[in-house]
Amino acid sequence: MAVIALKCPQYKVTLVDTNAERIAEWNSDRFPIYEPGLDEVVTSVRGKNLFFSTEIEKNIHEADIIFVSVNTPTKMFGVGAGMAADLQYWEKTARQILAFSNQPKIIVEKSTLPVKTALTMERILNSGPDGLHFDVLSNPEFLAEGTAIQDLSEPDRVLVGSRLTESGLAARQEIVDIYRNWVPEEKILVSDVWSSELSKLVSNLFLSQRISTINSISAFCEKTGADVARVAKAVGMDHRIGDKFLKASIGFGGSCFKKDILNLVYMCQTYGLEEVADYWQSVVRINEYQKERFVTNMLQAMFNTLSGKRICLFGFAFKADTGDTRESAALYIARRLINEQAKLVVTDPKALPNAKIDLAGFGDAVAFERGPYKAAEGCHAIAVMTEWRQYKALDYQKIYKRMVKPAFIFDGRNILDHKALFDVGFNVYPVGKPALTHLHES
Ligand code: UGA
């Protein structure tokens, strides 16, 4: 919305939220989330044509177009628990819009939703006593955290789905007109609502499938001595395949991929498409396997016991350039290491506040340290969880000196110079590549 405000000075954009604290933060000079470049965008338009407010009713009343971006977490109760999307916030919002509108409006679905949600919303919205008409459109969000501003400023595509009725098409044109202010015509795709909703889910499914595919191969490489990075490079240079999202890792995290896969799996099951459901479920299964495999590799390398050993986690965010830790693979790995009675020291340039909340229940099994040098002091091992650039540039000689020997590095992101670390004295364990170790069995 901030980017829309920036690119389209002729529109007035107001963000509303029930959380007054959040809104106050957006109105202050300390924003509640870290996203590169966002501060500049918000501060340049805030108070001009971008406003943050808790006055939901008044703003619903005044708006011509409403983008609904409420969360749709995985449902944790009743039918579809653990898989289906929980649509209660969406439905509450639809009822609220209905209650406070006295003129027709365009409602845009921004949240990632299971196919045909817009239809349900349309039914609720068009059920009012005054016969007001609402057009419900789908305009899925393709931005990734950490690169949001770039993704929005130069999107690969913008997708707008509507009903193919006269009023649906007119509403669709209004949304297209917003994006035409900065997105080239050929990158704006229009479609029916259902295809638009499904395209968003399927994009995320394909991305997560690529990561699980390369992660499954990383396990095979570790057994056979091949190097997954070389394999990925050779495979990715085939332009039909492409080189993106082929980085082996500790497993994908974030608030989107797992949730979206499970959503589709659940819908497939509902339609009796068991084979299709199993196929996509296996993408999640490989992801769980990859996280667990990382922990067992650590355990085996460190003489089959982690009890009482200090392990430093480099990074806790689900990826670099964000403070977000939702579904972070680091969280799973941290829990499992604590389970093995290890003592953790967590460091991360942006995610420490969230890490503290996530690990609050573990008492003195976990310590938090902002600086990586201090964090690694007195540790038996470092495990790289997040691909923060700054971890590549550290003085590992200095770090090595202050660690317990034999010192281990498990590079869950394959970002470090493994040969150099080995030369410093570390036993180095990358993902999907041969380990470099000084510990030879005699
Ligand atoms: C993802 C999609 O990339 C966005 O297009 C989409 O709009 C968004 O979900 C959403 O549905 O809102 P995001 O979750 O922010 O974006 O982050 P990604 O960059 O996709 O990374 C997801 C996870 O995959 C991270 O844990 C990342 O470290 C991991 N990953 C990514 C790998 O392990 N290997 C790779 O090669 C790439």
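Residues numbered from 1 in each chain as written. Predicted model: local features only at pLDDT ≥ 70, side-chain atom pairs only at ≥ 80, totals over all residues. Heavy atoms only, no water.

Bringing the pattern of salt bridges into the picture now. Enumeration over the complete set of coordinates arrives at 26 salt bridges. Between Lys 58 and Glu 62 there is a salt bridge whose closest N-O contact spans 3.8 Å. Residue Lys 58 and its partner Glu 62 are both found in helix H4 (residues 56-62); the two are separated by four residues, about one turn of the helix. Here Lys 110 and Glu 141 are joined by a salt bridge, their closest N and O atoms 3.1 Å apart. Highlighted residues: Lys 110 in the loop between strand S4 (105-109) and helix H6 (117-125) and Glu 141 in the loop between strand S5 (134-138) and helix H7 (148-153), separated in sequence by 31 residues. Of the residues examined, Lys 110 reaches a relative accessible area of 9% and is grouped as buried. Salt bridges sharing common partners tie together Lys 258, Glu 288, Lys 291 and Glu 327. (Salt bridge = Lys/Arg side-chain N within 4 Å of Asp/Glu carboxyl O. Helix = DSSP H or I, 4+ residues; strand = E, 2+ residues; numbered from the N terminus. Buried < 20%, exposed > 50% of the residue type's maximum accessible area, 1.4 Å probe, protein only.)

One recurring pattern in soluble globular proteins: nonpolar side chains tend to sit buried together. If you look at the biggest cluster of nonpolar residues, it comprises 39 residues, and the most contacted ones within it are Phe 294, Ile 311, Leu 313, Phe 316, Leu 337, Leu 344 and Phe 410. No other element matches helix H13 (residues 329-339), which puts seven residues into this core. Contacts of Phe 294, omitting those with residues within four sequence positions, involve Ile 250, Ile 333, Ala 383, Met 385, Phe 410, Asp 411, Gly 412 and Val 431. In terms of nonpolar packing, the next biggest core, distinct from the first, is built from 30 residues, Ala 2, Cys 8, Trp 26 and Val 108 among them. (Core = buried A, V, L, I, M, F, W, Y, C linked by side-chain atoms within 4.5 Å. Contact = heavy atoms within 4.5 Å.)

Over its 14 residues, helix H11 (residues 257-270) extends 20 Å from the first C-alpha to the last, a length consistent with the 20 Å expected when each residue adds 1.5 Å. The buried count for H11 comes to 10 of 14 residues, which makes it a mostly enclosed element. Within the sequence span of H11, burial applies to Phe 257, Lys 259, Asp 260, Ile 261, Leu 262, Asn 263, Leu 264, Val 265, Met 267 and Cys 268. After H11 finishes, the residue Gly 272 shows a positive phi value of roughly 75 degrees. (Expected span 1.5 Å × (residues − 1).)

Here H6 lies mainly inside the structure; seven of its nine residues are buried. Looking at H6, one finds that the buried residues are Thr 117, Ala 118, Leu 119, Met 121, Glu 122, Ile 124 and Leu 125. Contacts made by the buried residues of H6 are with helix H5 (88-99), S4, S5 and helix H9 (193-224).

Below, the discussion takes up the environment of Gln 341. Position of Gln 341 relative to the elements: it lies in the loop between H13 and strand S9 (343-347). For Gln 341 and Leu 264, which are 77 residues apart along the polypeptide, the C-alpha to C-alpha distance reads 37 Å.

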